[in-house]
Amino acid sequence: MEKTYNPKSFEDKLYKEWEESGCFKAVRDDDKVPFTVMMPPPNITGQLHMGHAMDETMQDTIVRFKRMQGYCALWLPGTDHASIATEVKIVEQMKKEGLSKESVGRDGFLKRAWEWKDKYAGRIVDQLKKLGSSCDWSRLTFTMDEKCSRAVREVFVNLYNKKLIYRGSRIINWCPCCKTGISDVEVEYSEENGSFWHIKYFVEGTDTALEVATTRPETMFGDTAVAVNPNDTRYKHLIGKNVILPVVNKPVPIVGDEHADMEFGTGVVKITPAHDPNDFEVGLRHSLPVVRVMNDDGTMNSLAGKYEGMDRYECRKKLVEELKTLGNLVSIEPHAHNVGHCYRCGTTVEPIVSKQWFVKMEGLARPAIHAVLDKKISFVPERFAKIYYNWMENVKDWCISRQLWWGHRIPVWYCGDCGAEICAKEDVQACPHCGSKNVAQDEDVLDTWFSSALWPFSTLGYPDDTSDLEYFYPGDVLVTGYDIIFFWVARMIFSGLEHMRKVPFRDVLIHGLVRDEKGRKMSKSLGNGVDPLEIIDKYGADSLRFSLLQGVAPGNDTRYSDTKVESCRNFMNKIWNASRFVIMNCEGRNVKPLSEVKLLPADKWIIAKLQAAVRDVTLAMNKFELGIACQIMYDFMWSDFCDWYIELVKPVLYSEDVAKRDGAISVLVFVLENALKLLHPVIPFVTDEIYRNLPNASGTIMTKEFPRYNAKLAYKKDAQAFEGIMDVIKAVRAVKTELDCPPSKKVNLYMVTESKRFISANEESILKLAGAKDIKFISSAEEAGENAVTKVLAIGTLYIPMGELVDLEKEKARLQTELEKVTAEIARADGKLNNTGFISKAPKKLVDDERAKLNKFIAMREKILNQLKSL
RNA sequence: GGGGGCAUAGCUCAGCUGGUUAGAGCGCUUGCUUGACAUGCAAGAGGUCGAUGGUUCGAGUCCAUUUGUUCCCACCA
C-alpha cells in the first residue's frame, strides 16, 4: 500500500469492477425483502452541481446500507427531459447560430433536442459514476423513453375519461419570453418597486369621475367594468351606471362586487377579466366580456389602437403620457408589490386568459392529504408535512399544457371536418366519428412534471402488470430537496394513489440546499458554484461524500467549503494509514479468528466500542440521520481505534509473547474489517480498496453483510474498567505538559489504589503511552517522596515525583482548582439527591448513577484535601 | 396577511423521543521527527446554549411571550 491516500489510483478501477460484476443490479428475489429508491432524475439542462452531489450521496449511502443488510436493493437512475428548461437552453444555443425555433421548424428543433439529450444525459451518467453511485444502470430511464410515453398516455387518457382532465379558458401565467403558459408553482414572486397610477374614469354623462388605481395601466384597453363594493355608501348609487374608458372613449358598466375593498386605495377597481385572476372571477359573476389586449409575445394587440404592436412596458409609458395630457391622470404613487417571474427565464409573467388543459385537483388532493395524515407516508423531518398539507389543501387546478415543442405531446386530436375532440392512447389516423382523415394532434406538450409524477411506476413497467411493479412498488424512501415538494413530491403522491391505488413511497427524506462558504445560494449568475467533479479530482469522491453528509441534519441547509472537504480527506488518509499499519503487521503472521485468541483488557475495550458504534450507526441510519452516523464513525475510527487502540497495541505487537501478538493482530483485523463495513455505505471506494488487502478477504466489501450488534462482545464492565487505565495515562501526560516536562522524559509513578492487579495487568500500556519508567504501589502519600504531583482519579491516587520541576505554589493552586471543580460536582449531585422529587420520580438507574458519582467525587475531595494538607 | 426554519465555542455546525461534568471540524495557545499517518501526535484555552416567563424532580431540548435573521405560501387592484 502507498504511504498516503491516493484516491485516483483506485476509484475508477473499483467502479468499473463493481459495475461489471453486476452487484448494482436489482433482480427480483423472493427470498429477500425489496428496498426501492427512485432517483430524482436530474434535468438534462446541464451538469450536476453540489446539491445533486449531496442528494445522490445520501441515496447511495442508504441504498448501500440496505443492500449490505440483505435487502434486494434497487436504486433506479434516470434523467428528466425538463421540457421548458431544456427548450430555453436550446433556443439560446440556436440564437448564437442565428437560428430560431420558427426557422428550423418543429422536426428540426426536436432533432436538435435529442442531440442535446444524448450529450447531456451521458455527461450526467458519467458524473454519477464518478461519485460512486450504486444504481442499477440496466434500468436507466429517460422521461421521454417509450415506456414513460406509454405511461403518460395511459394516465392522460384515464384522467380525461374520468373528466379529471379538461380543457378550458382560464387565467393562467403566461411567459412572454418562453411564449407558453406555466403552472402556478413555476412562478416566482419577488418584491419590486412599481408605481400606482391613479386614473379618472368619468361617469357617463356627468362631470363626476371615479378614481381607479392600477399597477398595470396598459391593461386598461381590456377593462370591461369598474367595480365598487356594494356596501360602499360613497359609490353605491352609481352601480348600474357606466363610466367612459379614457383614450378609447368606450362606456363600461359600474358593478357592485365584494372584490372591491372599501379600505384599499380609492375603493374603486377597474375590471380586466382577460388579464387578472380576480377580475376574471368578477367577470364571471357579472357576465362581463373577456377582452384580451396582448399578444403572446407581450406586445399589445389591435384592441390597443395606436399602441398595437408595442411592447407592454413601452405602451405603459406612452399611455401614461397620453392620460396625463388628457387630464385623466390624477397621481403616481410609488408602490412596492410582488411581481411574478418565470422560474426558467426570469421574465415578468403576464396573467392572461388562455385556453389550456388542466388537471382537476379537488378529488385527487383529498386522498393525498390522507395518505400523509394516516402515516402511510412520513416526511423526515416531520415539519415538511405541514408545508405539504398547506399546499394540498389550497391547491388549484393544475395547468398542464405548454406551448412548447420539447416534451410529451398532448394525446388529443381534433377533427377538421366534424370538430370532434379525440383523446386516445394510440395515434389517431382518422376521426372515429366521421371517418375523416383530416385530423390533427394538439400542438401543445405536457408540463414536464406530468411525466415526473409517474416516475415511481412508469419506470417499473406501468401500465403493464409487471413482476417488477409488483415486487418493487411502492418505493421505500424518496430523497429530495424541500424546493420541489410542490413540483414533484405532491404530484407523485396523488398520481401514485390515483393510478396504482398505493402510495409511491413510505418515507420522504428532505434535505436542504448546499450553499457556498458565505451561506449564499450557489448560482450561475453569482459564479459561486463549485463543480463536484473538480473536487473529486482534487480530494477524491469519498472525501466529498463524507463532507456532504457530515454534520448535516435532515431538512437543514448546509454550507460547502474546501476546508471541510480537506478535513475529510485527512480522515480518509487516517483510515488509509491505520489500515496500512494493520496490514503491514499481518504480513507473515497467521491471523486467527477472534474466538481463538485470548483478549486483553484493551482488546475488550475496543471491541466494546465497536459494538456501541455498530449499534448507534445502525440506529442513526434507520432514522436517516446520516450526519449523526458519520460523526459516530469518525469518532470511533479516529479517536478510539487510531489514537488509542493502535497505540495501545503497539507494545504488544512488538513483544516476545506469541500468544499476545496473535491476539493483538486478530483484534486489529477484526475491528478494522468491521469498521470498514460500517463506513462503506458512506465512503465506498477507500473502504473497498483497503478491504481487498485484508488477510482472508475475498471479493468486494459491498456485498458483505453489514455488521450486527453482538451483545456477547459488548463487554460493558471491562470497557468501563479500562477507561480507568486511560485516565492514568491522560493524567501523566497532562502533568508533564503543565510542568513543561518533555514527553520523552520517563517518570516514576506511585499509586495508592485498590485495583493493583488490574493496573499491573495493564502496566505495559501505561508505561508506553504515558512515558513512564515504572509504577510502584504505595500505601500513603509520603512514600512517593517530596515534590510529587498528585492526581486524584477514580481508579486511585497517582503521585508523580517531578523533582525540581515542581513549584509548590503552582501545585497548590492546581489542586485548589481541582478541589473547586470536584466541590461543584458534589454540590450538583448532592442537590439532585436531596431533592425528594428526583429520588421518587426519576428512573432508578439514574438515581443510582448519581449516587455513585457523588461517592466518587466525595472520595476524590478527601484525597485532594489530604494532599493539600501535606503540602 | 399566513406558515416555517435558524439563533449553542472566534468561524461553520451537531446535539434524535427532556436525564453523565454541553460536543465536533476549522482556527488559536503550548509542546512533540513516539518504528501507520506532520493530510500527524499530546496537552490546553474558549460557551450564563438570543432574551424573559412557565411546565417539570430535572430544560440547550417542551410551552408562551419577545428580539434578530432567513425562507416558503398567499396577495389589495
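You'll find the structure just up there.
Below is a short write-up of the structure. (Residues numbered from 1 in each chain as written. Chains lettered and ligands numbered in written order. Predicted model: local features only at pLDDT ≥ 70, side-chain atom pairs only at ≥ 80, totals over all residues. Heavy atoms only, no water.)

### A word on helix H6 (residues 277–285)
Along H6, the positions that sit buried rather than exposed are Asp279, Phe280, Val282 and Gly283. Buried residues along H6 cover an arc of 160° about the axis, so they all sit on one side. For H6, the exposed residues lying more than 90 degrees away from the buried face are Leu284 and Arg285. Contacts from the buried residues of H6 go to strand S5 (165–175), strand S12 (268–271) and strand S14 (350–359). The backbone nitrogen of Asn278 lies 2.8 Å from a side-chain oxygen of the residue at the head of H6, namely Asp276. The positive-phi residue at the C-terminal boundary of H6 is Ser287, with phi of around 50°. (Buried < 20%, exposed > 50% of the residue type's maximum accessible area, 1.4 Å probe, protein only. Helix = DSSP H or I, 4+ residues; strand = E, 2+ residues; numbered from the N terminus. Arc of directions from axis to C-beta. Contact = heavy atoms within 4.5 Å. Polar contact = N/O pair within 3.5 Å; in protein donor to acceptor, adjacent residues only side chain to side chain.)

### Notes on the side chain of Glu186
Tracing the backbone shows Glu186 in the loop between strand S6 (180–182) and strand S7 (187–203). On the basis of relative accessible area, Glu186 is assigned to the buried category, the value being 0%. Of note is the side chain of Glu186, whose polar atom sits 2.7 Å from the backbone nitrogen of Ser183. When sequence neighbours within four positions are dropped, the list of residues in contact with Glu186 reads Ile84, His341, Cys342, Tyr343, Arg402, Asp447 and Phe487.

### Observations concerning the protein's contact with RNA strand B
The local shell around RNA strand B holds 60 residues, among which Asn278, Lys623, Arg828, Asn835 and Lys841 are the closest. Of what RNA strand B places within 4 Å of the protein, 63% of the atoms are sugar or phosphate. Here a phosphate oxygen of RNA strand B and a side-chain polar atom of Lys396 are 3.3 Å apart. One nitrogen or oxygen atom from the side chain of Asn573 is found 2.8 Å from a sugar or linking oxygen belonging to RNA strand B. Element by element, the count of residues in the surface near RNA strand B is highest for helix H16 (residues 562–586), at 10 residues. (Near = heavy atom within 4 Å.)

### Quick notes on the sheet that holds strand S29 (residues 796–801)
Taken together, the four strands give an open sheet; going across it, the order is S27-S26-S29-S28, and neighbouring strands pair in mixed fashion. The open sheet has two edge strands, strand S27 (772–777) and strand S28 (788–793), and neither has a second partner. Ignoring strand direction, the axes of neighbouring strands in this sheet form an average angle of 25°. Pairing analysis gives four bridges linking strand S26 (residues 747–753) to S29, with the strands arranged antiparallel. By the bridge assignment for S29, Met751 is matched with Leu798. Where helix H21 (residues 716–738) meets the sheet, its contacts fall on S26, S28 and S29, and the angle it forms with S28 comes to roughly 145°. (Pairing = 2+ DSSP bridges. Axes fitted to C-alpha atoms, helices over the stretch in contact; angles between N-to-C directions.)

### Topic: the nonpolar core
Considering soluble globular proteins, one finds that nonpolar side chains tend to be buried as a cluster. Core analysis: the biggest nonpolar cluster contains 134 residues, and Phe641 and Leu668 have the highest contact counts within it. The element that contributes the greatest number of residues to this core is helix H18 (residues 626–653), accounting for 15 residues. Setting aside chain neighbours within four positions, we find Leu668 in contact with Phe581, Val582, Phe641, Tyr645, Ile646, Val649 and Leu653. Of all hydrophobic cores here, the second largest spans 78 residues; its members include Val88, Ile182, Tyr473 and Trp488. (Core = buried A, V, L, I, M, F, W, Y, C linked by side-chain atoms within 4.5 Å.)

### A short note on the sheet that holds strand S15 (residues 378–380)
Here three strands make up an open sheet; going across it, the order is S15-S23-S22 and the pairing parallel. For this open sheet the edge positions go to S15 and strand S22 (475–481), each flanked by a neighbour on one side alone. The sheet shows a mean angle of 20° between the axes of neighbouring strands, taken without regard to direction. Strand direction decides the pairing type here: S22 and strand S23 (residues 505–511), joined by six bridges, are parallel. Note that in S23 the partner of Val477 across the bridge is Asp507. Contacting S22 and S23, helix H2 (residues 50–68) crosses the sheet at an angle of about 160° to S22.

As far as function goes, none of this settles anything; it's purely spatial.
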